[in-house]
Amino acid sequence: MRTVNLLLAVLLLSGCSIVEQVDSAEKSALLEAGFVQQKMDLAEGGMLNYWQAGQGKTILLIHGFGGSAVTSWQQVMLELSQNYQVIAPDLAWFGDSVSQAKPSLAVQSKAMTQLIDKLELDEVNVVGISYGGFVTFDLMIHEPRVDKAVLLASPGVLFSNADLAAMNQRFETADASDIFVPQTPKQMRRLLEATFIDFPWYPSFIDSAIFERYFANHLDEKRQLIGGLTEDRDRIASNINVDALPDSMLIWGENDLVFPLASGIQLADYLNSPIVVIPEAAHGLSNDHPDIISRAIKAFIQ
């Protein structure tokens, strides 16, 4: 929503390169706040892009499907970096990151471990939204340096085949990749309208600009990521010991159409974790409610 509103403002000033101007403005705000954009070579080949700023305990922010660290977390990054060291990477095949490995959730988790190694972090608090929450759950099991974890709108290993079928039915599609990997600007608009509260009208040509900037690249790899999620879920579930997991907190929107609140309540019971429910909120929590999200994360980590 923040990005869309800024797009509309820029539209009044210029008829071209709207999305590029918005992207530049958001990154400039991060740079002015002390963030540094850095690159890291991945062991399997490829490059991981990440943003870093602040001091104190480390918070690793992991974004969801579509977009990047900046489009998902920018306002949260600005707020948390006042009290913590914030690390916000682009996942592989999103933003400015790419891997030469075969796409899978495990590849994303291993990239995060490589980043933790590079930064020589003894302890890290991980926050993941939606698909980033699946990556976070994997790290909770396999990465001993995770101190605390926050899962936003992400059901983890409890996302069953029945839940997948129900989600496909809600979106009137036979394949989840048709939801999360839009092939056209029109399909992208359907995803955005289901993700954010009160998604506003704007000229259709902006849809095309947003699609080309944030969704059009690495479509095959992204479809493989979605297609492999059930296999990754089973892999994670086979290794899980709930009692050995780090402390966690859940944050959910009351009106989430992607992963309904019932999934969050079920996961909270399974993990014996507190859950923060944001009234009338949808799936795009970090964009729609950055202040609430930042305060909840601070309270939990402190």
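Along each chain, residues carry numbers from 1 onward, in the same order as the chain's sequence is written. Where totals are concerned, whole chains, interfaces and linings use all residues; where local detail is concerned, this predicted model gives features only for residues with pLDDT of at least 70, and gives and counts side-chain atom pairs only at 80 or more. Calculated side-chain values reflect all of the structure's heavy atoms, with hydrogen atoms and water omitted.

1. What to know about the packing of helix 8 (residues 185-195) against helix 9 (residues 204-214)
Line of reasoning, step 1. Interhelical geometry of helix 8 versus helix 9 gives an angle of 90° and a closest axis separation of 9 Å. Classified by the angle their axes make, helix 8 and helix 9 are roughly perpendicular. Contacts between helix 8 and helix 9 involve Pro-185, Met-188 and Arg-189 from the first element and Asp-207, Ser-208, Ile-210 and Phe-211 from the second.
Line of reasoning, step 2. Each residue gets one label: Ala, Val, Leu, Ile, Met, Phe, Trp, Tyr, Cys and Pro are nonpolar, Asp, Glu, Lys and Arg are charged, and the others, such as Gly, are polar. Per-class residue counts for the contact of helix 8 with helix 9 are 4 nonpolar, 1 polar and 2 charged. Note on geometry: axes are C-alpha line fits, over the in-contact stretch for helices, and angles between N-to-C directions span 0 to 180 degrees. A helix here means a DSSP run of H or I that spans at least four residues, while a strand means a run of E at least two residues long, and both kinds are numbered starting from the N terminus. Should an angle fall under 35 degrees it is called roughly parallel, over 145 degrees roughly antiparallel, and 65 to 115 degrees roughly perpendicular, with every other angle called oblique. Contacts are residue-level and defined by heavy atoms, with any inter-residue pair within 4.5 Å sufficient.

2. Examining the packing of aromatic side chains
Line of reasoning, step 1. Two aromatic rings, drawn from Phe, Tyr or Trp (for Trp, its six-membered ring), form a pair once their centres lie within 6.5 Å of each other, and the interplanar angle then sorts them: stacked below 30 degrees, edge-to-face above 60, tilted otherwise. As enumerated under the stated definition, the model contains 5 aromatic pairs in all.
Line of reasoning, step 2. Taken together, a centroid distance of 4.9 Å and an interplanar angle of 80° make the contact between Phe-65 and Phe-94 edge-to-face. Highlighted residues: Phe-65 in the loop between strand 3 (58-62) and helix 3 (69-80) and Phe-94 in the loop between strand 4 (85-89) and strand 5 (98-99), separated in sequence by 29 residues.
Line of reasoning, step 3. Burial classes: relative accessible area under 20% of the type maximum marks a residue as buried, over 50% as exposed, and values in between as partly exposed (1.4 Å probe, protein chains only). Since its relative accessible area comes to 15%, Phe-65 is described here as buried.
Line of reasoning, step 4. Ring geometry for Phe-159 against Phe-259: centres 5.1 Å apart, planes inclined by 80°, an arrangement best described as edge-to-face. Highlighted residues: Phe-159 in the loop between strand 7 (146-152) and helix 6 (161-170) and Phe-259 in the loop between strand 8 (247-253) and helix 12 (261-271), separated in sequence by 100 residues. Accessibility assignment for this pair places Phe-159 and Phe-259 in one class, buried.
Line of reasoning, step 5. Only when the NZ of Lys or the CZ of Arg is both within 6 Å of the ring centre and within 35 degrees of the ring normal is a charge said to sit over the ring. The ring of Phe-300 has Lys-148 lying over it, and the distance from NZ or CZ to the ring centre is 5.1 Å.

So far we have only geometry, and geometry alone does not tell us how the molecule works.
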